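Letter by letter, the chains look like this.
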Amino acid sequence: MDGIALWAQAGFWGCVAGAALLLGAGAGYYIAVPQRLIAAIMAFGSGVLISALSFDLMDEAFRHGGFNATAAGFLGGAIVYTAANRILTSFGAKHRKRSTGRKPDEGSGMALAVGALMDGIPESIVIGLSLLKGGAVSIVTVAAIFLSNIPEGLSSAAGMKRAGHSARYIFIIWGGIALSSGAAALVGYTVFQHFSPEVIAATTAVAAGAILAMLADTMIPEAFEEAHDFAGLITVAGFLAAFALSKLGGA
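The name an unreviewed UniProt entry assigns to the protein chain is ZIP family zinc transporter, from the organism Pseudoduganella dura.

Set out below in structure tokens:
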């Protein structure tokens, strides 16, 4: 994408990652996707996310901001995510990245969408921040977020459909969230390029802490419940794929 302004690249890649929500929503509305396939996608995506937050996020945050800023941001992100997730749980959004046959309550579709927005904002900001370190987006990070968004869009759209919402309503909601992901990535690049390395490091670590808390709370348990003994192996495969991509110059 040489020749394209970096701010435009940030918005584009944020929309690409967010588009997975639309892809998942389409599958959830029109197709009966096997639960074990969803679980496999979640497990693989979890491994990719763990690799991305370990090497692309935490390592970069430490190198640019030092331990104190990184640790404060990491813990802060996990605390904020956990607090927000507890609130959303009361509205039926606890299992918004579910892989099992259990279905969300009919009234929880909008809460699931809000949960998707909550998950997507820090993830998308990181996409924009990745452009600050060398003018090239982290493909590993984009791929990780894309994979984690598919089951989220799938389960949420299915819940909205059962609640009686039309296809037009559902896809307007998810299209808006996908565009919000692009906007968050744009903000991550345009706003934070003016801040100190310590602030950027802390912000990156906040996203890493929120992502890891989300993985431990939703994606990994749900993937294991359906994939069982294969979940660990698939997660390792995802981690290795992302690690290889980052070390071979793909990030």
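**Q** Please give an account of the overall build of the protein chain that cites residues and values.
**A** Looking only at helices and strands, one finds 7 helices and 0 strands in the protein chain. Secondary structure elements of the protein chain, listed N to C terminal, follow the sequence α-α-α-α-α-α-α. By the burial criterion, 48% of the 251 residues in the protein chain qualify as buried. Pairs at least 24 apart in sequence give 84% of the contacts found in the protein chain among residues at least 6 apart.

**Q** Hey, could you go over a nonpolar patch on the surface for me, with residue numbers and the actual values?
**A** Taken together, the side chains of Val187, Val191, Phe195 and Val199 present a nonpolar region at the surface, about 280 Å² in accessible area. Look at phenylalanine 195 and you get partly exposed, because its relative accessible area is 42%.

**Q** Provide a residue-level description of helix H5 (residues 167-190), including the pertinent values.
**A** For H5, spanning 24 residues, the distance from its first C-alpha to its last is 34 Å, which sits close to the expected 34 Å at 1.5 Å a residue. Where H5 is concerned, the buried positions are Ala167, Ile170, Trp174, Gly175, Ile177, Ala178, Ser181, Gly182, Ala184, Ala185, Gly188 and Tyr189.

**Q** Describe the pattern of salt bridges, with residues and values.
**A** By the definition in use, this model includes 2 salt bridges. Note that arginine 63 and aspartate 59 form a salt bridge whose closest N and O atoms lie 3.7 Å from each other. With arginine 63 and aspartate 59 both in helix H2 (residues 35-89) and 4 residues apart, this pair spans about one turn of that helix. Across the pair arginine 63 and glutamate 60 runs a salt bridge whose closest N-O atoms are separated by 2.1 Å. Pair noted here: arginine 63 and glutamate 60 are both in helix H2, with a separation of 3 residues, about one helical turn. Look at arginine 63 and you get exposed, because its relative accessible area is 56%. Given a relative accessible area of 13%, glutamate 60 falls into the buried group. Salt bridges sharing partners connect three or more residues here, namely Asp59, Glu60 and Arg63.

**Q** Describe in detail the nonpolar core, supporting the description with residues and values.
**A** When a protein is soluble and globular, its nonpolar side chains tend to lie buried together. The biggest cluster of nonpolar side chains holds 24 residues, and the ones touching the most others in it are Leu49, Leu53, Leu57, Ile211, Met214, Leu215 and Met219. Those elements that provide at least two residues to this core are H2, helix H4 (139-162) and helix H6 (197-227). In this view, leucine 57 contacts Ala52, Val126, Thr204, Ala208 and Ile211; residues no more than four positions away in its chain are not counted. Counting residues in hydrophobic clusters, the runner-up holds 10 residues, among them Ala17, Leu131, Ile145 and Tyr189.

**Q** Lay out the packing of aromatic side chains in plain terms, naming residues and giving numbers.
**A** Counting across every chain of the model gives 8 aromatic pairs. Judged by centre distance (6.2 Å) and plane angle (10°), the ring pair of tyrosine 30 and phenylalanine 171 falls under stacked. Of the two residues, tyrosine 30 sits in helix H1 (residues 6-30) while phenylalanine 171 sits in helix H5, which places them 141 residues apart along the sequence. Since its relative accessible area comes to 59%, tyrosine 30 is described here as exposed. Take phenylalanine 171: its relative accessible area is 23%, and that puts it in the partly exposed class. Residues phenylalanine 239 and phenylalanine 243 carry aromatic rings whose centres are separated by 6.4 Å and whose planes lie at 10° to one another, so their mutual orientation is stacked. Note that phenylalanine 239 and phenylalanine 243 are positioned in helix H7 (residues 230-247) at a spacing of 4 residues, about one turn of the helix. Classification of phenylalanine 239 by relative accessible area gives partly exposed; the value is 28%. On the accessibility criterion, phenylalanine 243 (29% relative accessible area) is partly exposed.

The rules behind these values
- Residues numbered from 1 in each chain as written.
- Predicted model: local features only at pLDDT ≥ 70, side-chain atom pairs only at ≥ 80, totals over all residues.
- Heavy atoms only, no water.
- Helix = DSSP H or I, 4+ residues; strand = E, 2+ residues; numbered from the N terminus.
- Buried < 20%, exposed > 50% of the residue type's maximum accessible area, 1.4 Å probe, protein only.
- Contact = heavy atoms within 4.5 Å.
- Patch = residues over 30% accessible without salt bridge, like charges linked within 9 Å, V, L, I, M, F, W, Y side chains within 5 Å.
- Areas by Shrake-Rupley, 256 points an atom, 1.4 Å probe, with all protein chains shown as cover.
- Salt bridge = Lys/Arg side-chain N within 4 Å of Asp/Glu carboxyl O.
- Expected span 1.5 Å × (residues − 1).
- Core = buried A, V, L, I, M, F, W, Y, C linked by side-chain atoms within 4.5 Å.
- Phe/Tyr/Trp six-rings, centres within 6.5 Å; stacked < 30°, edge-to-face > 60°.

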